[in-house]
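Commentary on secondary and tertiary structure
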Amino acid sequence: MILLSNLHRFVEGGKFSITFVAEDGEVVHYPDAVCTSWHSRGRTMNVKLITSKLPRTIRRCTVIAFNDEEVAL
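These numbers come from a predicted model, not from an experiment.

With the rule as written, the count across this model stands at one salt bridge. Note that Lys-15 is salt-bridged to Asp-32, the shortest N-O span being 3.6 Å. Placement of the pair is Lys-15 in the loop between helix H1 (7–11) and strand E2 (16–21) and Asp-32 in strand E3 (residues 27–38), with a sequence separation of 17 residues. Lys-15 gets classed as exposed once you look at its relative accessible area, which sits at 57%. By relative accessible area, which is 26% here, Asp-32 ends up partly exposed.

Take the pairing of strand E4 (residues 44–49) next. Here five bridges tie E3 to E4, and the two strands are oriented antiparallel to one another. Bridge pairing in E4 places Ser-37 opposite Asn-46. Taking the residues between adjacent antiparallel strands as the criterion, E3 and E4 are bridged by five residues. Where E4 lies against strand E5 (residues 55–59), five bridges are found, and the strand directions are antiparallel. Within the sheet, the bridge partner assigned to Val-47 lies in E5 and is Arg-56. Taken together, E4 and the strand that follows it, E5, pair antiparallel across an intervening segment of five residues, in which Lys-53 is found at a positive phi of about 65 degrees.

Conventions adopted
Residues numbered from 1 in each chain as written. Predicted model: local features only at pLDDT ≥ 70, side-chain atom pairs only at ≥ 80, totals over all residues. Heavy atoms only, no water. Salt bridge = Lys/Arg side-chain N within 4 Å of Asp/Glu carboxyl O. Helix = DSSP H or I, 4+ residues; strand = E, 2+ residues; numbered from the N terminus. Buried < 20%, exposed > 50% of the residue type's maximum accessible area, 1.4 Å probe, protein only. Pairing = 2+ DSSP bridges.

Set out below in structure tokens:
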């Protein structure tokens with residue numbers, strides 16, 4: 001289990017998979033992503049999908065799994 005407050009340490013390692021709950025309640029899984037920026041005072045992190053090169057903004061409190069490990073508040 002990974003604590004949400006420690007997530008920033010893990011995203012620095014390069015490629016990862018991440019699962020989060022979207023605004024509409026859908027569970028979204030990105031199997032190959034990299035972190036492009038981390039807003040320490042904000043609530044979001046920006047990731048880029050490796051396969052499609054698309055950037056995405058994720059609210060950190062919605063992350064439920066990182067590298068197939070559960071994320072807890």
